[in-house]
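# Examination of the molecular architecture
These are the residues of each chain, in order.
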Amino acid sequence: QKEVEQDPGPLSVPEGAIVSLNCTYSNSAFQYFMWYRQYSRKGPELLMYTYSSGNKEDGRFTAQVDKSSKYISLFIRDSQPSDSATYLCAIQTGNNRKLIWGLGTSLAVNP
Amino acid sequence: EPEVTQTPSHQVTQMGQEVILRCVPISNHLYFYWYRQILGQKVEFLVSFYNNEISEKSEIFDDQFSVERPDGSNFTLKIRSTKLEDSAMYFCASRQSSYEQYFGPGTRLTVT
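A brief structural summary. A quick note: this is a predicted structure, and the numbers were derived from the prediction, not measured.

Turning our attention to the interface of chain A and chain B. Taken together, the 21 residues of chain A in the interface contact 21 residues of chain B. Taken over both partners, the interface formed by chain A and chain B buries close to 1700 Å², and the fraction arising from carbon and sulfur atoms is 54%. Linking chain A with chain B are two salt bridges, by the criterion used here. One salt bridge connects Lys-98 of chain A with Glu-56 of chain B, and the closest N-O pair in it is separated by 3.0 Å. Counting the contacts that link chain A with chain B gives eight residue pairs in polar contact (both at pLDDT 80 or more). Where the side of chain A that touches chain B is concerned, the elements lending two or more residues are β1 (4–6), β4 (32–38), β5 (45–51), β9 (85–93) and β10 (98–101) of chain A. Grouping the amino acids of the side of chain A that touches chain B by side-chain chemistry returns ten nonpolar, six polar and five charged.

Right, here's the structure in full:
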């Protein structure tokens, strides 16, 4: 059973749109959920981090975890062309806090 | 702002050769990681390193791979006898004691 699943897209939206990015996961014991953003030819950069269930908001970004359905989401409000990147969900697990990754969703925000 | 650096940015090597990928983690960080991403596939965990020893390794991290922190600043990944399927982006990451891992820009390894 695959641990983290994410639709790779690509996703193309007009500037100002609300973007919804999603992942599912298989292990109900997972508790630490991350969203990373990756620009072309750069390493992943942490955007949001959520522990257990619930919502977390940071500016235009909201991360949401639904543990009952094993579903994690990232919402981007008022999307900007500078948000164009690949968004990767990841789950941090184990004593050494290794990351298990989704495939990443490629997002293009068009002016 | 401190950042993780990696060299080289791109390495081309012939099958069977040994390569060393270098990383300089953020200076006060204690935990170090290598991940790789084969084109079109997920980022995969390779190994974590703490207190001068491997703390966890994946199934991918077999005897072909080794890591070292030779001088208290660099963190290296050595791949012996490279294979075509080792072609990938290799990312180094480090963290202090908190959850956040900081990533370098990656080394693109091409094995021909």
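Bringing the nonpolar core into the picture now. For soluble globular proteins, nonpolar side chains are generally found buried alongside one another. Counting 25 residues, the largest nonpolar core has Trp-35, Ile-72, Leu-74 and Tyr-87 of chain A as the members making the most contacts within it. Looking at this core, the elements with two or more residues in it are β3 (19–25), β4, β5, β7 (61–66), β8 (71–76), β9 and β11 (105–110) of chain A.

Let us look at the layout of surface pockets. Taken as a whole, the largest pocket spans an internal volume of roughly 690 Å³. Considering the residues around the largest pocket, the lining is formed by 28 residues, among which Gln-38 and Arg-41 of chain A together with Gln-37, Leu-39 and Met-89 of chain B are closest to the centre. Elements represented by at least two residues in the lining of the largest pocket include exactly β9 and β11 of chain A together with β9 (88–95) and β11 (107–111) of chain B. Taken together, the residues of the lining of the largest pocket sort by class into eleven nonpolar, 14 polar and three charged. In this structure, the second largest pocket occupies an estimated 460 Å³ of space. The wall of the second largest pocket is formed by 20 residues, among which Gly-43, Pro-44 and Glu-45 of chain A together with Glu-3 and Phe-103 of chain B lie closest to the centre. Among the residues forming the lining of the second largest pocket, the class breakdown is nine nonpolar, five polar and six charged.

Moving on to the pairing of β10 of chain A. All names here are of chain A. Examined bridge by bridge, β9 and β10 share four bridges and lie antiparallel to one another. Its bridge partner being in β10, Ile-91 is matched across the sheet by Ile-100. Taking the residues that link successive antiparallel strands as the turn, the β9-β10 hairpin has four residues, and the phi of Gly-94 there is positive, at about 85°.

Counted by the stated rule, this structure contains six salt bridges over all chains. Residue Asp-83 of chain A is joined to Arg-60 of chain A by a salt bridge in which the shortest nitrogen-to-oxygen separation is 2.8 Å. In this pair, Asp-83 of chain A sits in the loop between β8 and β9 while Arg-60 of chain A sits in the loop between β6 (54–58) and β7, placing the two residues 23 residues apart along the sequence. Assessed through its relative accessible area of 25%, Arg-60 of chain A is described here as partly exposed. In this structure, Glu-44 of chain B and Arg-36 of chain B form a salt bridge, with 3.1 Å as the shortest nitrogen-oxygen distance.

What follows deals with the state of the cysteines. All names here are of chain A. For the structure shown, the criterion picks out two disulfides over all chains. The disulfide that involves Cys-23 links it to Cys-89, with 1.9 Å between the sulfurs. Sign of the S-S torsion, about -100° for the bond between Cys-23 and Cys-89, identifies this disulfide as left-handed. Placement of the pair is Cys-23 in strand β3 and Cys-89 in strand β9, with a sequence separation of 66 residues. Assigned by exposure class, Cys-23 and Cys-89 land together as buried.

Criteria and thresholds
Along every chain, residues carry numbers that run from 1 in the direction the sequence is written. Written order decides the labels, with chains lettered from A and ligands numbered from 1. pLDDT decides what is reported in this predicted model: residues at 70 or higher carry local features, side-chain atom pairs at 80 or more are listed and counted, and totals for whole chains, interfaces and linings draw on all residues regardless. To get the side-chain values, take all heavy atoms of the structure and skip hydrogens and water. Contacts are assigned to residue pairs that have any heavy atoms within 4.5 Å of one another. When two parts are brought into contact, each loses some accessible area as probed by a 1.4 Å sphere; the total of that loss over both is the buried area. Salt bridges are defined as contacts in which a side-chain nitrogen from Lys or Arg sits within 4 Å of a carboxyl oxygen from Asp or Glu. Here a polar contact is taken to be a pair of N or O atoms separated by no more than 3.5 Å, where protein atoms must pair a possible hydrogen donor with a possible acceptor and residues adjacent in sequence count only if both atoms sit in side chains. Helix and strand definitions here come from DSSP, where helices need a minimum of 4 consecutive H or I residues and strands a minimum of 2 consecutive E residues; each element is numbered from the N-terminal end. Charged means Asp, Glu, Lys or Arg here, nonpolar means Ala, Val, Leu, Ile, Met, Phe, Trp, Tyr, Cys or Pro, and polar covers whatever is left, Gly included. Each nonpolar core is a collection of buried residues, namely Ala, Val, Leu, Ile, Met, Phe, Trp, Tyr and Cys, held together in the definition by side-chain atoms within 4.5 Å. With a 1.4 Å probe rolled over the protein chains alone, any residue whose accessible area is under 20% of its type maximum counts as buried; one over 50% counts as exposed, and the rest are partly exposed. Cavities and pockets are defined on a 1 Å grid built over the protein atoms alone: a cavity is a set of grid points where a 1.4 Å probe fits but cannot escape, while a pocket is an open set with protein on both sides within 12 Å along at least five of seven lines, and lining residues are those with an atom within 4 Å of any such point. Grid points are joined across faces, edges and corners, and a volume is the space filled by probe spheres set on the points. Strands were regarded as paired on the criterion that DSSP finds at least two bridges between them. For the purposes of this analysis, a disulfide is any pair of cysteine sulfur atoms at a distance within 2.5 Å.

Spatial relationships are all this shows, so hold off on functional conclusions.
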